[in-house]
Amino acid sequence: MTWQRALLLGSSVGAAGAALLMLATVLALRPLPAELPPYRDDIRKAQLTDRHGQPLTVTYENDWNVHDLVLLADVPLLLQQAFIEAEDRRFPQHRGVDWRARLAAVWQNLKAGRAVRGASTISEQVVRMLQPRPRTLWARWLEGWEALRLEARFAKPDILEFYLNQVPYAGQRRGVVQAARHYFDRDLATLAPQEMLALAILVRSPSRFDLYTDPTRLRPQLRRLADRMLVVGAIDAAAHQRLLTAEFDLKRPPLAAPVRHFAEYLFPRLPESERRRARIATTLDAGLQGQAYAILEQWRQNLAPLGVRNAAALVADHRQGEILAWVNAHAPGEGSAYDAVVVPRQAGSTLKPLLYALALERGWTAATIIDDNPLSEAVGQGQHAYQNYSRSHYGPVRLRDALGNSLNIPAVRAAQFVGPAEFLARLRALGFHSLKQHPDYYGDGLALGNGEITLLELTTAFAALANDGQYRPLRTLRDGPSTPVLPVLSRSSSHIIGNILADPDARRLEFGTGGLMRFPVETAIKTGTSSDYRDAWVVAFNHRYTVGVWMGNLDGSPMQDVTGSRGPVPVARAIFAELNRRAPAQPLPLAPELVQIAICRDTGLMADNGCPSRPEWFAPGRLPQPPAAEPAPPPRIQQPSWDLQLALDPRLPPDRQYYAFQLSRLPPGARVEWLVNGDLVGGGNSGSLLWPLQRGWHEVQAQIVHADGVIERTAAVPFQVR
């Protein structure tokens, strides 16, 4: 073969090889996005912000930084220049590939015998972010061509802005905003010059140059970059000298107040359209969230020796119907996976104000006299002798004193006056959806807290009480849809109840007139403690804010004498101290239609010159009157109580064991017939019957036959004999 033919053959092979290379290149090139950024609709998890736009949550589940974006115009010029000088000094001139830098890099790598320089332009690095590939020579070849196409489609400022927002750093951070917060806890505009240069150097190897590991390792690169920036005129000699001696002020961002439980409550309830947003503005106030958590956790730790392992607090603006703080405080490993704000717990005495508000609507007044003498009733699964917290009885007391001192026996009598079914219906209208049982299951004991409720339900209901009796679910989204307001309690009764709960004199019998429950600003306050000190509550409101606090143990174990006034009250008091700094102090509202009249303390009637008196508030048309004979309540089964558990005594013959059915009252001239499981088992002219015990579940019902022949039946009550 002559050399001419060999040359011709080589040219043909070279041309064919070049053609194949170009064909393979064209086929391997990937499409570029239609716009930068390409991630507007590619969001796996949104970021929650507080009402002022401050981030509450940080997520790295998204492929891109979609939360901490900055416009190029807002990036300090020195920081831009540092990145261009460090990563791509001919960025303004080339069209995507810096061929001079590539050739220089090839020469340096050949001399070193290994890869010591990459020479990727900013545009090529952007391509690498958009189209990740294995780090090979073939990938570098394709990235160059795609960088040319990138710059043909997008302007240089758009490419640089995308790069500065998406360049990866240590700790899964992306972009200069997240990096500035990660290393220095500052915004870009407040960074010192040496910190800006450090951000430009760190992108080369975030782990090798990590400032937290060894800040001095970055110094040689910092000096070289400062020298180059002095040469190009980006800094002057004085700034250059300061850069060489300045130290880094490393400062990790403070841990935000925990919002995990709030986020876990909120996310499942978001519409699908909301979940696809980059940021979701909530009603929380980040500052108040942090303060409330610090207060709650400090008091939980203080009371830990008394067996307090779990606590929760909720703060709401009842005027706006918005939640401002939602916090949990748990001992390490003690139920922290659970959100105590939404875990049902026994209510204690916290429902009494709502019961008395309903009694006011039914005709009672704040001056109504209620008997506080010993009382024994069937409650839950047995017979219960009611006691006040102090084990004292005060005889006839006014409603104001009965509620203010949280007396139990007057509350039971109020429940009997209102009726368990009507009280339960009103509670459900106020949002107590945890109270799912039949009214007879709770009976009069609902007034004393034998039902389980959540802190969210309780705070929402008291927010309605504070807001003229108008109920609405508390909002969690700042721009979420407004919910309709439902008038569940009358304005006059709501204001009278608030006035009683804020009256220190009304608490004097059981709590005294001072102490922690007397707040500096007029504040309505109600505590509650469940049986065996398993739950301690307080819920309080002033003219604008409602605060609820719960303490206890999520496993149901009791605390050691921790009551609502001993545990949650100091927490609520400290939270209100923070709230009162935000708004001028105002008194609780009193409806203009309310009338204030002097009454006798002992009788509750209008005062005359011969009795100790005090002022009292009354709704229109409800002035104090001598007690009139009230219609007798309908008969009901007093024994057994709903779901009563009875057991046969193994020491006695079964056929000689009886249980006494008892009717609350039998009208004059009437007789009663007792039905068990629908079968007649006895009757007579008394309100009781001794029934022979039989194992199993049963239902008892009383059929009252009046003197005029009218037949009236009570509700059937289930019970069990074991």
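Residues numbered from 1 in each chain as written. Predicted model: local features only at pLDDT ≥ 70, side-chain atom pairs only at ≥ 80, totals over all residues. Heavy atoms only, no water.

Some words on the sheet that holds strand E14 (residues 535-541)
Rules: In this scheme, strands are said to pair when DSSP sees at least two bridges between them. Strands are runs of DSSP state E lasting at least two residues, helices are runs of H or I lasting at least four, and both sets are numbered from the N terminus onward. The convention used is that axes are lines fitted to C-alpha atoms, helices contributing only their stretch in contact, and that angles between N-to-C directions extend from 0 to 180 degrees. We call two residues contacting when some pair of their heavy atoms lies within 4.5 Å.
The sheet built from five strands is open, its strands ordered E4-E3-E15-E14-E13 with antiparallel pairing. One side of each edge strand has no neighbouring strand; the edge strands of this open sheet are strand E4 (322-330) and strand E13 (524-529). Taking the axes of each pair of neighbouring strands and ignoring which way they run, one obtains an average angle of 10° across the sheet. Note: E13 against E14, six bridges, orientation antiparallel. When the bridges of E14 are listed, Ala 524 appears paired with Phe 541. Contacts from helix H22 (residues 568-580) reach strand E3 (310-317), E13, E14 and strand E15 (545-552) within the one sheet, and its direction differs from that of E15 by about 150°.

Structural notes on the state of the cysteines
Applied cut-off: For the purposes of this analysis, a disulfide is any pair of cysteine sulfur atoms at a distance within 2.5 Å.
Counted by the stated rule, this structure contains one disulfide. One disulfide in the model links Cys 600 with Cys 611; its S-S distance is 1.9 Å. Here the disulfide of Cys 600 and Cys 611 is left-handed, its torsion about the S-S bond being about -80°. Of this pair, Cys 600 sits in strand E16 (residues 595-600) while Cys 611 sits in the loop between E16 and strand E17 (613-618), and the two are eleven residues apart along the sequence.

Here we look at the side chain of Glu 457
Condition: For the exposure calls, accessible area comes from a 1.4 Å probe over protein chains only, and a residue counts as buried if that area is under 20% of its type's maximum, exposed if over 50%, partly exposed in between. His is not counted here, nor are the chain ends, while Lys and Arg score as positive and Asp and Glu score as negative. Criterion for a salt bridge: a side-chain nitrogen of Lys or Arg within 4 Å of a carboxyl oxygen of Asp or Glu. Any pair of N or O atoms that falls within 3.5 Å is considered a polar contact. Within protein, one atom must be able to donate a hydrogen and the other to accept it, and sequence-neighbouring residues count only if both atoms are side-chain atoms.
Structurally, Glu 457 is set in helix H19 (residues 455-466). Among buried Asp, Glu, Lys and Arg side chains, Glu 457 stands out as unpaired, with Lys 436 the closest opposite charge at 8.0 Å. Among the polar contacts listed, one links the side chain of Glu 457 to the side chain of Ser 434, at a separation of 2.9 Å.

With respect to the pattern of salt bridges
Applying the stated criterion across every chain yields a total of 36 salt bridges. For Glu 85, the salt bridge identified is with Arg 89, shortest N-O distance 3.8 Å. Among the ionic contacts, a cluster of salt bridges with common partners joins Arg 398, Arg 400, Asp 401, Asp 503, Asp 505, Arg 508, Arg 601, Arg 614 and Glu 616.

Overview of helix H8 (residues 193-202)
Counting buried residues along H8, nine of its ten residues qualify, which places the element largely inside the surrounding structure. What H8 keeps buried is the set Gln 194, Glu 195, Met 196, Leu 197, Ala 198, Leu 199, Ala 200, Ile 201 and Leu 202. Its buried side turned inward, H8 meets helix H2 (77-87), helix H7 (175-184), helix H9 (219-231) and helix H10 (237-245).

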